[in-house]
Amino acid sequence: PFSSLQPQPADALLALIAMYAADTRPDKIDLGIGVYRDEAGNTPVPPSVKAAERLLLESQDSKSYLGTEGDMRLLDLLAQLVFGPAATPGHHLAAVQTPGGTGALRLGAALLARANPSAQIWLGTPGWPNHALIFGNTGMPVRTWRYYDPQSMRADFEGTLEALNQAQPGDAVLLQACCHNPTGTSLTLRQWDELASFLAERRLIPFVDLAYQGLGDGLEKDAEGLRSILAESPSALVAYSCSKNFGLYRERVGVLWVLHNDAHELDLARGNMVSLARATWSMPPDHGAATVRIILETEALKAQWVQDLEEMRARLSWVRSELATAHPEFAPLGDQRGMFSTLPISPATVRELREKHGIFMPESGRINLAGLNRHSIDRFAAIMLPYIRS
Ligand code: PLP
Ligand code: TYF
């Protein structure tokens, strides 16, 4: 029954994992898949998560179903972290716990496609390749705009507004809240405010993807752009991921929020979100979600998690400033945030770096800075600089 199917391209980042593992050179450097690594190159389970998992193991007395929306207490606690203690005055809020940020994006896309089949989704380029895949799979027409200027290695805000001028009322605009994947660039707070008014005036629906809260400038600061958007827009969607900031990647913890200033319309959205989720995965996985809930509701564990997160954030920031202060070619990396940066190099150079020097990255030239450490950073810079200069 499958002979009519078209072959599908593999995920370039997931393919790199196997390629890196098969390489036997002792000084190989993995700058591929976007997971945090410590100095030793490991992606550890954070101490706060370990402790919460122990508590969970001891205290959990049932694994019976919770319901399609997931762990309601977790959803409340995460809402405070994302929207602030005052929550979102002026908005009603519907939340569904999802399998990772990807599940939240997929559910939000399905909701938008069902609500308005002619709505387009606007994606900035370069972006996370899975965004186009996820929205494309719901049948939503995907439009793109140039988010990033490779020459200056900075966000192209003028280009963004110019391109979004062509969007139709009811179209959705995907925005990464912080630590942009794959460029590390972001808008200034002033630009966020301007974009917020622009979207509201044109009745464009913001769909904000927050997958790295706390890994850029800290928990509060990383939510400022998102909060600025919400201050202007009557309705919005937010996809949240606990994969990176809690180190829970494979446990699949995420949330989709829909916000609306009209309670009746929000109820319609909520009912459809729940029904779509029921038809897709029925109920979200619980182990990682319960772990996050225990961390956020236990004062000592929350303090430990804030410290765990700060350790990750500080290490990423150290790698950036090492490169940026030592070499003018890397100066823009110091203004960027999070794990990623995209270097101005060609796919042929990326292949050469892999074959000749054992430095692994996808052909886009994106690097995960967490793959560098005290021992590898100088060799990396020495090898890279001639390529970046030419
Ligand atoms: N959005 C962006 C920009 C990402 O980089 C990721 C990373 O994996 C996700 C969303 C979703 O991650 P996950 O589905 O693993 O929670
Ligand atoms: O961009 C990254 O590297 C992370 C992890 O199919 C990731 O977001 C990469 C590819 C993928 C799922 C997650």
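Check the entry above for the structure.
The structure displayed is predicted, hence computed values, not measured ones.

Colleague: Explain the pairing of strand E2 (residues 92–98) here, please?
Modeller: Remember that side chains alternate between the two faces of the sheet whenever the strand is regular. Counting buried positions along E2 yields 5 of 7 residues, so the element is predominantly enclosed. Inspection of the sheet shows E2 paired to strand E10 (residues 254–260) by 7 bridges, in the antiparallel sense. Residue pairing in the sheet places Leu93 in a bridge with Leu259 of E10.

Colleague: Before we go on, may I ask you to explain the sheet that holds strand E3 (residues 121–125) in this structure?
Modeller: Either a parallel or an antiparallel arrangement is found when strands of a sheet pair, and the pairing is made through backbone hydrogen bonds. The 7 strands are arranged E2-E10-E9-E8-E7-E3-E4 in an open sheet whose pairing can be described as mixed. Each edge of the open sheet is held by one strand with a lone partner, namely E2 and strand E4 (142–146). Mean inter-strand twist for the sheet, computed between neighbouring axes without regard to direction, equals 25°. Relative to E10, strand E9 (residues 235–241) runs antiparallel, the two being bridged by 7 bridges.

Colleague: Explain the environment of Leu309 here, please?
Modeller: Assignment of secondary structure puts Leu309 in helix H11 (residues 299–326). Looking at Leu309, the number of C-beta atoms within 10 Å reads 22, which means it is buried. With 62 residues separating them in the primary sequence, Leu309 and Gly247 have C-alpha atoms 9.2 Å apart. In this structure, Leu309 is in contact with Gly214 and Asn245, ignoring residues within four places of it in sequence.

Colleague: Where do I start with the environment of Leu164 in this structure?
Modeller: Along the chain, the position of Leu164 falls in helix H6 (residues 157–164). Taking the number of C-beta atoms within 10 Å as the measure of exposure, Leu164 has 19 and is therefore partly exposed. Sequence separation of Leu164 and Ala200 is 36 residues, and the distance between their C-alpha atoms is 12 Å. If near-sequence neighbours (up to four positions away) are discounted, Leu164 is found in contact with Trp122, Trp145, Val173, Phe198 and Leu204.

Colleague: What is the right way to read the site of ligand 2 from this model?
Modeller: The local shell around ligand 2 consists of Asp11, Leu13, Leu14, Ile33, Gly34, Trp128, Asn130 and Asn181. A per-class count over the shell around ligand 2 returns 4 nonpolar, 3 polar and 1 charged. In terms of domain composition, the shell around ligand 2 takes at least three residues from each of domain 1 (12–45 + 300–389) and domain 2 (54–297).

Colleague: How should I be thinking about the site of ligand 1 in this particular structure?
Modeller: Near ligand 1 there are 13 residues, and of these Gly100, Gly101, Thr102, Ser241 and Ser243 occur at the shortest range. When its residues are assigned to classes, the shell around ligand 1 shows 3 nonpolar, 9 polar and 1 charged.

Colleague: Before we go on, may I ask you to explain the pairing of E10 in this structure?
Modeller: The element E10 is extensively covered by neighbouring structure, given that 7 of its 7 residues are classed as buried. Burial of E10 is two-sided: the residues Gly254, Leu256, Val258 and His260 facing one way and the residues Val255, Trp257 and Leu259 facing the other way are all buried.

Colleague: Where do I start with the nonpolar core in this structure?
Modeller: The tendency in soluble globular proteins is for nonpolar side chains to be buried as a group. Of all hydrophobic cores here, the largest spans 102 residues; its most connected members are Val238, Leu256 and Met273. Looking at this core, the element that brings in the most residues is helix H4 (residues 100–115), giving 8 residues. Taken domain by domain, this core gets at least three of its residues from each of domain 1 (12–45 + 300–389) and domain 2 (54–297). With residues near it in sequence (within four places) discarded, Val238 still touches Val82, Val208, Leu210, Leu226 and Trp257.

Colleague: Got a minute to help me understand unusual backbone geometry in this structure?
Modeller: Both trends apply: most residues other than glycine have a negative phi, and most peptide bonds are in trans. Cis geometry marks the peptide bond from Thr125 to Pro126; its omega dihedral reads -5°. In this fold, Pro126 is placed in the loop between E3 and helix H5 (129–137). One non-glycine residue, Arg203, adopts positive backbone phi at about 55°. Turning to its location among the elements, Arg203 is positioned in the loop between helix H7 (189–201) and strand E8 (205–210). When the 14 C-beta atoms within 10 Å are taken as the criterion, Arg203 is described as partly exposed. Of note in the backbone geometry, Ser282 takes a positive phi value of approximately 70° without being a glycine. Mapped onto the elements, Ser282 comes out in the loop between helix H9 (263–280) and helix H10 (287–297).

Rules used in this analysis
- Residues numbered from 1 in each chain as written.
- Chains lettered and ligands numbered in written order.
- Predicted model: local features only at pLDDT ≥ 70, side-chain atom pairs only at ≥ 80, totals over all residues.
- Buried ≥ 20, exposed ≤ 12 C-beta atoms within 10 Å, placed from the backbone.
- Helix = DSSP H or I, 4+ residues; strand = E, 2+ residues; numbered from the N terminus.
- Pairing = 2+ DSSP bridges.
- Axes fitted to C-alpha atoms, helices over the stretch in contact; angles between N-to-C directions.
- Contact = placed C-beta atoms within 7 Å.
- Near = placed C-beta within 6 Å.
- Nonpolar A, V, L, I, M, F, W, Y, C, P; charged D, E, K, R; others polar.
- Domains from an automatic or database assignment.
- Core = buried A, V, L, I, M, F, W, Y, C linked by C-beta atoms within 7 Å.

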